[in-house]
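Here's the letter readout for the chains.
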Amino acid sequence: MLSKDTTIGFIGTGVMGKSIVGNLMNAGYSVNVYTRTKDKAQDLIDNGAIWIDTVAELASSSEVIITMVGYPSDVEEVYYGDAGILNNAQAGSFTIDMTTSKPSLAKEIYEKAKEKKLSALDAPVSGGDIGAKSGNLAIMVGGEEDAYATLLPLFEVIGENIILQGDAGAGQYTKMANQITIASNMIGVCESIMYAKKAGLDPERVLRSITTGAAASFSLSKLAPRMLQGDYAPGFYVKHFIKDMTIALESAEELGLATPGLSLSLKLYKELAEKGEEDSGTQALIKLFE
């Protein structure tokens, strides 16, 4: 079982990572941090997080190593190679990749970690910046049940809906199912708002009616109000959603599944990114409809 004396290493303190680290520290854990740009971790360092200069040093000095980076290529960079996590973590340590990444890569990391006597989980999350700040993320876990049981107290600090979905890779497959659902839903939210406006309705009043009915969703209740306020700050970046949808589409094709809603959403988000919105939040999709 974990104790509050367990040292956690965290790699990647972006929009969500920063809040997750903050919640772990507030719960009494000692957290080592590393990110490519130290400035992004400065607030955490000022509040007691311990800056570590390299991935290798962080891996060797932490009992649980959590990664939350941008792309599968970033995951490979921090896990593999002489200076990576797998070659530097102490035997018996745990790794948790919270990046939304390829299921095949999660399986590969699990196997390589096992060879090094490490326990690896893939545990992508959903809930955006709001869920990260409030500590009620949905956490989708793939890996061995013993490792999951050991790390559950840590997951409970940062999330509420925490489910072991199956073996290595199952967490990433579940996150793809999540992103596929959101992809089509975001189009529906934008069309709904524009329809309400064209019909001469007050869209905020419309939202008060439809967010509690059968149309209810996170996108409708949390992101639609941001659309109406012209707030496009990233809770989740357009560029990262494009990455997720691309992985999901490739995975669906490998499984022999047609996903026309996902394909359309990916096309629209790529168009949005080409208009200079790749660093905006996903709610910026409304700009294509206005």
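Since the model is a prediction, treat every value here as computed from it, not as a measurement.

Caption draft 1: Representation of the packing of aromatic side chains in the model. Applying the stated criterion across every chain yields a total of four aromatic pairs. An aromatic cluster is present here, built from Phe236, Phe241 and Tyr269 joined pairwise through their rings. Over the face of the ring belonging to Tyr29 we find Lys4, whose NZ or CZ atom lies 5.5 Å from the ring centre. Lying over the aromatic face of Tyr237, Lys239 brings its terminal NZ or CZ to 5.1 Å of the ring centre.

Caption draft 2: Focus on the pattern of salt bridges. Scanning all chains against the criterion turns up eight salt bridges. One salt bridge in this structure joins Asp129 and Arg226, with 3.4 Å as the shortest N-O distance. Taken together, the positions of Asp129 in helix α6 (residues 128-134) and Arg226 in helix α10 (residues 218-229) put the pair 97 residues apart, joining distant regions of the chain. Across this residue pair, the class does not change: Asp129 and Arg226 are buried.

Caption draft 3: Main features of the pairing of strand β6 (residues 119-122). Here four bridges tie strand β5 (residues 94-97) to β6, and the two strands are oriented parallel to one another. When the sheet's bridge partners are listed, Ile96 is paired in β6 with Leu121. This β-α-β element, β5 to helix α5 (residues 103-115) to β6, shows right-handed connectivity.

Caption draft 4: Layout of empty space enclosed by the protein. Applying the stated criterion across every chain, the model contains one cavity of 30 Å³ or more. Of the voids in this model, the largest cavity is the one considered here, and its volume is about 80 Å³. For the lining of the largest cavity, the secondary structure elements donating two or more residues are β5, α5 and β6. Looking at the lining of the largest cavity residue by residue, the class counts come to seven nonpolar, two polar and two charged.

What counts and what doesn't
Residues numbered from 1 in each chain as written. Predicted model: local features only at pLDDT ≥ 70, side-chain atom pairs only at ≥ 80, totals over all residues. Heavy atoms only, no water. Phe/Tyr/Trp six-rings, centres within 6.5 Å; stacked < 30°, edge-to-face > 60°. Lys NZ or Arg CZ within 6 Å of the ring centre and 35° of its normal. Salt bridge = Lys/Arg side-chain N within 4 Å of Asp/Glu carboxyl O. Helix = DSSP H or I, 4+ residues; strand = E, 2+ residues; numbered from the N terminus. Buried < 20%, exposed > 50% of the residue type's maximum accessible area, 1.4 Å probe, protein only. Pairing = 2+ DSSP bridges. Right-handed = clockwise from strand over helix to strand, strands pointing away. 1 Å grid on protein atoms, 1.4 Å probe; cavity = no way out; pocket = protein on both sides within 12 Å on 5 of 7 lines; lining within 4 Å. Points joined across faces, edges and corners; volume = space filled by probe spheres on them. Nonpolar A, V, L, I, M, F, W, Y, C, P; charged D, E, K, R; others polar.

Note that every value here comes from positions in space, so none of it alone points to a role or purpose.
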